[in-house]
Amino acid sequence: MAKIERTLDGNNPVLKIDLAETLGTDNVPESVASGIGQAIIDKIRDRTQDENENKNGRDFKEYSEEYIESTEFKVFGKSKSDVNLTASGDMLGLMDIINFDGRVLEIGWSDPDQAAKAHGHITGKNGEVPKMKRDFFGIQVQELEKIVSEFEVEEPEQEQQTLAEADLIQEILRDLSPRNTLRNLIEEDDG
Amino acid sequence: MAKVTIDTKKVIDAVRSVFDNVKKDKTTQQQIAKFVVDRIVALARTGKTAGTGEKKDLPKLSKSYRDYRKTDRAQEKAQSSFFKPGSSKSNLTFTGQLLESISFEITQDKIKVFFKDTSRSDSKETNAKIYEYLLEKDIGYDILGLDDAGKERIRRIVVDLLRKEIKSRFK
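Residues numbered from 1 in each chain as written. Chains lettered and ligands numbered in written order. Predicted model: local features only at pLDDT ≥ 70, side-chain atom pairs only at ≥ 80, totals over all residues. Heavy atoms only, no water.

Points about the overall build of chain B
Helices and strands together make up the secondary structure of chain B, namely seven helices and four strands. In chain B, the succession of helices and strands from N to C terminus is α-α-β-β-α-α-α-β-β-α-α. A globule of 171 residues ought to have a C-alpha radius of gyration of about 16 Å, yet chain B, at 22 Å, is considerably larger. Principal-axis analysis of the C-alpha atoms gives chain B an extent of 80 × 30 × 25 Å. Counting over 171 residues, chain B shows a buried share of 44%. A separation threshold of at least 6 residues defines the contact pool for chain B, and within that pool the share at least 24 residues apart is 58%. Carbon together with sulfur atoms contributes 49% to the accessible area of chain B, which is approximately 10,000 Å² in total. Charged side chains in chain B number 38 positive and 25 negative. The centres of these two groups are separated by 4 Å. (Helix = DSSP H or I, 4+ residues; strand = E, 2+ residues; numbered from the N terminus. Rg over C-alpha atoms; globule rule 2.2 N^0.38 Å. Buried < 20%, exposed > 50% of the residue type's maximum accessible area, 1.4 Å probe, protein only. Contact = heavy atoms within 4.5 Å. Areas by Shrake-Rupley, 256 points an atom, 1.4 Å probe, with all protein chains shown as cover. Lys, Arg positive; Asp, Glu negative; His and termini not counted. Charge placed at Lys NZ, Arg CZ, Asp CG, Glu CD.)

In structure tokens form, the structure reads like this:
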């Protein structure tokens, strides 16, 4: 049975999915957790940006006139009819898997600025300043069950072999730090 | 107990091969380059820069220049829709030509972002020269750079692509 929880402590929203309970196994491979986590993140992003819907599948409230008249609105080429919580794209672009302890998968933000932005949208508050509440951060049980149905964990030896290799790949990808990934990709001109 | 043997060489060779291919993939390089240019321009238009690696405000405008910007003559010359006559802070936008001249070049597996040496409608100097002049003043107009969030966004683009490629290889 799918188990989903969310915390908002300290301006830091975190979505927690108990994969062990959801999948009905104590042995959840990291590669499976990563796949499910990425699929959940993609679902939240697509629902927010393409369908302009909150976590309950309802349309977001419209942008205020003040925001529509702002420089930011123009600079990022935003449209009144497309309430997608996307200006620079950093908040939704940097939503990520932040922890997996073998049972519970956590999704949120490592960047405190983006976490605070998300918290503002979720709660409708920006410190003491009220703003429009647009709660995009969540997943419904049926959405999670559909995602999970594509990741069955089986015991046969061949399946274990594939999962072990996938876990190793996961380790390698996790070690791709920004410095290693960007070195030789972007030339910095010191001249 | 089931025995599992991982051919680590096979896995690492496959990942390395995918990484090399992704690094050289023109579509990916262009996607990253466009992302960098769009980000630098958008940041500047909102009055900010990440040239030193941290996001901060562009310099304040002098009072005399602020007064000039409010005149009819200035507003006739200013063609950019991002020009803000009443602003006390720079957003490197008057006619818009300088920011519009930022471009990129992809050579082998490197991306270079720069101001083009293109002519301007309001000066004999080129856009590249104007930017050089602004840099020499050393008052905070160094805008060709990325903050940590920008670098992380690029890392995500690459890692997401790597994941897709690796997944398709290990099906």
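So, the overall build of chain A
Scanning chain A from terminus to terminus reveals nine helices and six strands. Put simply, chain A has 191 residues, and 44% of those count as buried. Long-range contacts, defined here as pairs at least 24 residues apart, represent 60% of the contacts in chain A between residues at least 6 apart. For chain A, the exposed surface amounts to about 10,300 Å²; the carbon and sulfur share of it is 43%.

Structural notes on helix α7 (residues 148–169) of chain B
A rise of 1.5 Å per residue sets the reference length of α7(B), with its 22 residues, at 32 Å; its end C-alpha atoms lie 31 Å apart and thus fit the reference within 8%. Those residues of α7(B) that fall on the buried side of the exposure criterion are B:A149, B:G150, B:E152, B:R153, B:I154, B:R155, B:R156, B:I157, B:V158, B:V159, B:L162 and B:I166. (Expected span 1.5 Å × (residues − 1).)

Some details on the packing of aromatic side chains
Taken as a whole and assessed by the stated rule, the structure comprises ten aromatic pairs over all chains. Ring centres of A:Y63 and A:F73 lie 5.6 Å apart, and the angle between their planes is 85°; on these two criteria the pair is classed as edge-to-face. Of this pair, A:Y63 sits in the loop between α2 (30–49) and α3 (65–68) while A:F73 sits in helix α4 (residues 71–75), and the two are ten residues apart along the sequence. Taking relative accessible area as the criterion, A:F73 reaches 6% and is therefore assigned buried. The structure contains a cluster of three or more aromatic residues connected by ring pairs, namely B:Y65, B:Y68, B:F83 and B:F94. (Phe/Tyr/Trp six-rings, centres within 6.5 Å; stacked < 30°, edge-to-face > 60°.)

With respect to the side chain of B:N127
Residue and element names in this part refer to chain B. Relative to the elements of secondary structure, N127 occurs in helix α6 (residues 127–137). For N127, a relative accessible area of 2% puts it in the buried group. One polar contact links N127 to R120, side chain to side chain, over a distance of 2.7 Å. Setting aside residues no more than four positions away along its own chain, N127 makes contact with Q97, L98, S101, K116, T118, S119 and R120. (Polar contact = N/O pair within 3.5 Å; in protein donor to acceptor, adjacent residues only side chain to side chain.)

Quick notes on helix α1 (residues 8–24) of chain B
All names here are of chain B. When the terminal C-alpha atoms of α1 are compared, their 24 Å separation across 17 residues agrees well with the 24 Å that a helix rising 1.5 Å per residue should span. Regarding α1, the residues found buried are V11, A14, V15, V18, F19, V22 and K23. Angularly, the buried residues of α1 cover 165° about the axis, an arc narrow enough to put them on a single face. Summarising the geometry of α1, the exposed residues directed more than 90 degrees from the buried face are K9, R16 and K24. (Arc of directions from axis to C-beta.)

A look at the sheet that holds strand β1 (residues 4–7) of chain A
Strand pairing in a sheet relies on backbone hydrogen bonds, with the paired strands running either antiparallel or parallel. Residue and element names in this part refer to chain A. Sheet architecture is open: four strands sit in the order β1-β2-β4-β3, paired in antiparallel fashion. Looking at strand neighbours, the two that pair on one side only are β1 and β3 (96–100), the edges of this open sheet. Direction aside, neighbouring strands of the sheet carry axes that sit 25° apart on average. As judged from the four bridges shared by β1 and strand β2 (residues 14–18), these two strands associate in the antiparallel manner. Note on β2: the bridge partner recorded for T7 is V14. Each of β2, β3 and β4 (104–108) is contacted by α2, which is oriented at about 145° to β3, the strand it contacts most. (Pairing = 2+ DSSP bridges. Axes fitted to C-alpha atoms, helices over the stretch in contact; angles between N-to-C directions.)

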